[in-house]
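The primary structure of each chain is shown beneath.
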Amino acid sequence: MPALAFGVAELAGFNPILKVGVIMVGCVPGAMASNVLTILARGNASYSVCLTTMATLLSPIAVPLALWLTLDAQHELNVRKVSEQLLGQVVIPVISGFVLCRISAFRAVASRVAGPLANAMILWIIAVVVALNRDRLEAATPLLLAALLAINVGGYLAGYFAGRGLRLPEGMTRALTLEVGMQNCGLGTVLVLQLYPSSEYAAAAIPTAAYTFGCMLTGTILANWWSTRPIDEPGTPIEPGPGARESA
């Protein structure tokens, strides 16, 4: 995704400020909403959670490295600050959640309310991000939206064909597809504003804000389409057809 975002930004010829935001789109870890959409898509939820967890835990190392490799030298990058922010904003919460789920009483409650709560929180996150970035979203040009869509679709295609190439089961391929294409650009927006607080870089938050809404929309559409297509693979129960019932 960092390479894809960098390539699209170069081909589109964005100015240096806007390019920062486009590259940030590709460098942040995967969106945790992909786990919920994987369930809707009849994908392998456990594999999806593992992918998101690993991307999150590695983000304090992977994200600064990706930004350092793709951003121009003119944009000063505080690698240590990026790592510290990711550690505090995403890694520690994930580890805390894992520890809490080891407590049987908490896990029993979470198993009943986690599904509806996760869906509600996704809607809340979308609403908050769109509301807080309304002015930035209005400033998104057709070229920028097309570039972000290219990154999004390119991520889905990369995830899908990687799963096929690795001969993963269909459920894992669906999970990988959503995980690669959906980026945690709510976090990306926060990082851009924290790393470059000057008004000069305000436009850099436009791509991340737009992608947050866009990948949720395309991910939901893809997951809904997959929900209508059963997974025919070993170990997956298949509903017998009318002929089978009559024979029985």
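Predicted model, so just to flag it, every value in this text is computed and none were measured.

Enquirer: I'd like to hear about unusual backbone geometry, residue by residue, with values.
Expert: The phi dihedral of R42 falls on the positive side, at around 60°, and the residue is not glycine. Looking at the secondary structure, you find R42 in the loop between α3 (33-40) and α4 (45-70). Its identity as a non-glycine residue notwithstanding, R167 has a phi of 60°, on the positive side. Relative to the helices and strands, R167 is located in the loop between α8 (142-165) and α9 (170-181).

Enquirer: Tell me about the side chain of T70, and please be specific about residues and values.
Expert: For T70, the location among the structural elements is in helix α4. Side-chain polar atoms of T70 contact the backbone oxygen of A66, separated by 2.7 Å. Apart from the residues within four sequence positions on either side, T70 is in contact with P2, F6, I23 and C27.

Enquirer: Help me get a handle on the pattern of salt bridges, residues and values and all.
Expert: For the structure on display, the rule yields 4 salt bridges. Of the charged contacts in the structure, one is a salt bridge between E170 and R164, with a shortest N-O distance of 2.9 Å. In this structure E170 comes out as buried when scored by relative accessible area, which is 14%. On the basis of relative accessibility, which here comes to 41%, the residue R164 falls in the partly exposed class. With its nearest N and O atoms 2.9 Å apart, the salt bridge here joins R174 to E170. With a gap of 4 residues between them, R174 and E170 both fall in helix α9, about one helical turn apart. We note that R174, like E170, is buried. Residues joined by salt bridges that share partners form a network here, namely R164, E170 and R174.

Enquirer: Pulling in residues and values, what's your account of the nonpolar core?
Expert: Membership of the largest hydrophobic core comes to 50 residues, with the highest contact counts inside it found for L67, L144, I151, L178 and M182. For this core, the secondary-structure elements that each account for two or more residues are α1 (2-12), α2 (16-27), α3, α4, α5 (79-101), α8, α10 (185-195) and α11 (205-227). Here this core takes 9 residues from α11, the largest share from any one element.

Enquirer: Please give an account of the environment of T228 that cites residues and values.
Expert: With respect to the element layout, T228 can be found in the loop between α11 and α12 (242-247). The class of T228 is exposed, set by a relative accessible area of 58%. When the C-alpha positions of T228 and R42 are compared, they lie 9.0 Å apart, and in sequence the two are 186 residues distant.

Enquirer: Account for a nonpolar patch on the surface, naming residues and giving values.
Expert: On the surface, M54, L57, L58, I95, F98 and V99 cluster together to form a nonpolar patch covering roughly 560 Å² of accessible area. Put simply, the parts of the chain that give the nonpolar patch at least two residues each are α4 and α5. Tracing the backbone through its elements, the reader meets V99 in helix α5.

Enquirer: Describe in detail the packing of α1 against α2, supporting the description with residues and values.
Expert: Across the interface, α1 lies against α2 with an axial gap of 7 Å and an inter-helix angle of 155°. For the element pair α1 / α2, the angle class is roughly antiparallel. Considering the relative orientation of α1 and α2, their crossing is right-handed. Along the contact surface, α1 presents P2, A5, F6, A9 and E10, while α2 presents K19, V22, I23, G26 and C27. Of the residues belonging to the contact of α1 with α2, the class tally is 7 nonpolar, 1 polar and 2 charged.

Reading guide: rules and limits
- Residues numbered from 1 in each chain as written.
- Predicted model: local features only at pLDDT ≥ 70, side-chain atom pairs only at ≥ 80, totals over all residues.
- Heavy atoms only, no water.
- Helix = DSSP H or I, 4+ residues; strand = E, 2+ residues; numbered from the N terminus.
- Polar contact = N/O pair within 3.5 Å; in protein donor to acceptor, adjacent residues only side chain to side chain.
- Contact = heavy atoms within 4.5 Å.
- Salt bridge = Lys/Arg side-chain N within 4 Å of Asp/Glu carboxyl O.
- Buried < 20%, exposed > 50% of the residue type's maximum accessible area, 1.4 Å probe, protein only.
- Core = buried A, V, L, I, M, F, W, Y, C linked by side-chain atoms within 4.5 Å.
- Patch = residues over 30% accessible without salt bridge, like charges linked within 9 Å, V, L, I, M, F, W, Y side chains within 5 Å.
- Areas by Shrake-Rupley, 256 points an atom, 1.4 Å probe, with all protein chains shown as cover.
- Axes fitted to C-alpha atoms, helices over the stretch in contact; angles between N-to-C directions.
- Parallel < 35°, antiparallel > 145°, perpendicular 65-115°, else oblique.
- Left-handed = near helix turned anticlockwise from the far one by under 90°.
- Nonpolar A, V, L, I, M, F, W, Y, C, P; charged D, E, K, R; others polar.

Honestly, it's all geometry; don't read function into it.
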